[in-house]
Amino acid sequence: MANREIYHKFVVKELSLVNRELNDQSFKLKPLFSKKITKLNDNEYEVALKVEIKNTVENPFPFDLVAIVALVTKFVGEVSKEELDEYLNKTSVSIIFPYLRSSVTSLTSAGLMTPLVLPVIDVGNFEANQE
């Protein structure tokens, strides 16, 4: 991707937090991560990362949380399929994930809860749903 113009735009698609008011229990964090890649037009793509944390009978947790942060990327000029796949599946995730983590921490802190800091992940762990 050397000598190529690339434009980015960040979009917060969803931030939701519901307090389930569970107290005096021990909880295990089991976030569910997903990635959705959408082709917007010829040289423009959106990569959206989603994290969900749900209170369930099997895994009680003090709140339900959904956060979706997306990166819209526009490429100027031709991009090979290999370069595009690498950029959308690895580079974009590396760019977006710190913003997703900080959004979750800020949201839980603003909700007057103990701030939640998501663990660092391997970008290859995101499964893609492509459109």
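Just above sits the structure.
Worth saying up front: this structure is predicted, and the values here are computed from it rather than measured. (Residues numbered from 1 in each chain as written. Predicted model: local features only at pLDDT ≥ 70, side-chain atom pairs only at ≥ 80, totals over all residues. Heavy atoms only, no water.)

K.L.:
Any chance you could break down the nonpolar core for me, citing the residues and the numbers?
P.N.:
Judged by nonpolar contacts, the single largest core of 26 residues is most densely connected at Leu 49, Val 51, Leu 65, Leu 100 and Val 104. For this core, the elements supplying multiple residues, two or more each, are β3 (44-53), β4 (63-76) and α1 (81-110). Ranked by residues supplied to this core, first place goes to α1 with nine residues. (Core = buried A, V, L, I, M, F, W, Y, C linked by side-chain atoms within 4.5 Å. Buried < 20%, exposed > 50% of the residue type's maximum accessible area, 1.4 Å probe, protein only. Helix = DSSP H or I, 4+ residues; strand = E, 2+ residues; numbered from the N terminus.)

K.L.:
Any details on the pattern of salt bridges? Residues and values, ideally.
P.N.:
When the charged atoms of two side chains lie near each other, side chains of opposite charge can form a pair. All told, the structure shown has five salt bridges when counted by the stated rule. A salt bridge links Lys 13 to Glu 46, with the nearest nitrogen and oxygen atoms 3.2 Å apart. With Lys 13 in strand β1 (residues 5-19) and Glu 46 in strand β3, this pair connects stretches of sequence that are 33 residues apart. For Lys 13, a relative accessible area of 46% corresponds to the partly exposed category. Ionic pairing is found between Glu 52 and Lys 54, a salt bridge with its closest N-O pair at 3.9 Å. According to the relative accessible area criterion, Glu 52 is partly exposed, its value standing at 23%. (Salt bridge = Lys/Arg side-chain N within 4 Å of Asp/Glu carboxyl O.)

K.L.:
Account for the pairing of β3, with residues named and values stated.
P.N.:
Every other side chain in a regular strand lies on the same face of the sheet, so the side chains alternate between the two faces. For β3, the buried fraction is high: eight of the 10 residues fall into the buried class. Pairing between strand β2 (residues 32-41) and β3: nine bridges, direction antiparallel. If you follow Ile 37 over to β3, its bridge partner there is Val 47. Count of turn residues in the β2/β3 antiparallel hairpin: two residues. (Pairing = 2+ DSSP bridges.)

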